[in-house]
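Remarks on the overall topology
Residues per chain are reported as follows:
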Amino acid sequence: MERPPRPPGMPEPEPPRPVGSAHLRPDGTLELRMRAEGPGAVVGEALFILKPGDARYASVLEHLGPISPGGYAPVLPFPPGTL
């Protein structure tokens, strides 16, 4: 599905900033380290460990894009309900 043309003079939206990093361990386990900041100096950090066979594993791996065993990738914001 193609996007409609952008009206003249309207700037391109900024690309989303990573919210963390992912590491694909040599055994196939995904390790996601994520951080979120909110108003009033609220900070949240999370560590997710997903093993092959986890119900969320395939969708998270697809979201991350190509990552080699032992490699790292930035984690872009997930659509609601993905993780």
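Quick summary incoming for the structure in this document.

Criteria and cut-off values
- Residues numbered from 1 in each chain as written.
- Predicted model: local features only at pLDDT ≥ 70, side-chain atom pairs only at ≥ 80, totals over all residues.
- Heavy atoms only, no water.
- Helix = DSSP H or I, 4+ residues; strand = E, 2+ residues; numbered from the N terminus.
- Rg over C-alpha atoms; globule rule 2.2 N^0.38 Å.
- Buried < 20%, exposed > 50% of the residue type's maximum accessible area, 1.4 Å probe, protein only.
- Contact = heavy atoms within 4.5 Å.
- Pairing = 2+ DSSP bridges.
- Axes fitted to C-alpha atoms, helices over the stretch in contact; angles between N-to-C directions.

Some thoughts on the overall build of the chain
- On a plain count of helices and strands, the chain comes out with one helix and four strands.
- For a compact globule of 83 residues, the expected C-alpha radius of gyration is about 12 Å, and the chain comes in at 16 Å, more than 25% above that figure.
- Judged by the C-alpha coordinates and their principal axes, the chain covers about 50 × 40 × 25 Å.
- Looking at the 83 residues of the chain, the share that counts as buried comes to 22%.
- Looking at the chain alone, contacts between residues at least 24 apart form 48% of all its contacts between residues at least 6 apart.

Some points on the sheet that holds strand E4 (residues 72-75)
- Taken in spatial order, the four strands make up an open sheet running E3-E2-E1-E4, and their pairing is antiparallel. Each edge of the sheet is formed by a strand with only one pairing partner; in this case those strands are strand E3 (42-50) and E4. Taking the axes of each pair of neighbouring strands and ignoring which way they run, one obtains an average angle of 15° across the sheet.
- Here strand E1 (residues 20-24) runs beside E4; their pairing, made up of four bridges, is antiparallel. Bridged to Gly 20 within E4 is Val 75.
- The strands that helix H1 (residues 57-64) touches are E1, strand E2 (30-38), E3 and E4; relative to E2, the one it contacts most, it runs at about 70°.

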